[in-house]
Amino acid sequence: MKKSDLPQKNRVACQRPFVWRKKWARVWEEVKYCSAKCRSQKGPATKGSAVNDV
């Protein structure tokens, strides 16, 4: 599978896109941030949502 064929999302904090990773396969719908740095800049996340990062 090509990287360009993988699902993408926009980051909550900065609205830049990031690509699906194998370690997120089971929780892809819950992933909001691509990294610890992105998570520390939190944007308009919803309360009570699970947050996963790298």
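The text that follows walks through the structure, step by step, so that each part is easy to find. Predicted model only: the values in this text are computed from it and were never measured. (Residues numbered from 1 in each chain as written. Predicted model: local features only at pLDDT ≥ 70, side-chain atom pairs only at ≥ 80, totals over all residues. Heavy atoms only, no water.)

Description of the overall build of the chain
Item 1. Of the regular secondary structure elements, the chain holds one helix and two strands.
Item 2. When the elements of the chain are put in sequence order from the N terminus, they spell out β-β-α.
Item 3. Within the chain, the proportion of its 54 residues that are buried is 24%.
Item 4. Within the chain, contacts between residues separated by at least 24 positions form 20% of all contacts whose residues are at least 6 apart in sequence.
Item 5. As displayed, the chain has an accessible area near 4200 Å², and 49% of this comes from carbon and sulfur atoms. (Helix = DSSP H or I, 4+ residues; strand = E, 2+ residues; numbered from the N terminus. Buried < 20%, exposed > 50% of the residue type's maximum accessible area, 1.4 Å probe, protein only. Contact = heavy atoms within 4.5 Å. Areas by Shrake-Rupley, 256 points an atom, 1.4 Å probe, with all protein chains shown as cover.)

Quick notes on the side chain of K9
Item 1. Relative to the assigned elements, K9 resides in strand β1 (residues 8-10).
Item 2. One polar contact links the side chain of K9 to the main-chain carbonyl oxygen of W28, over a distance of 2.3 Å.
Item 3. Within polar-contact distance, the side chain of K9 engages the backbone oxygen of V31 at 2.9 Å.
Item 4. Beyond its immediate stretch of four places on either side in the chain, K9 contacts R16, P17, F18, W28, E29, E30 and V31. (Polar contact = N/O pair within 3.5 Å; in protein donor to acceptor, adjacent residues only side chain to side chain.)

Some words on the environment of P17
Item 1. Position of P17 relative to the elements: it lies in strand β2 (residues 17-19).
Item 2. Distance from P17 to C34, taken between C-alpha atoms, is 9.1 Å for residues 17 residues apart in sequence.

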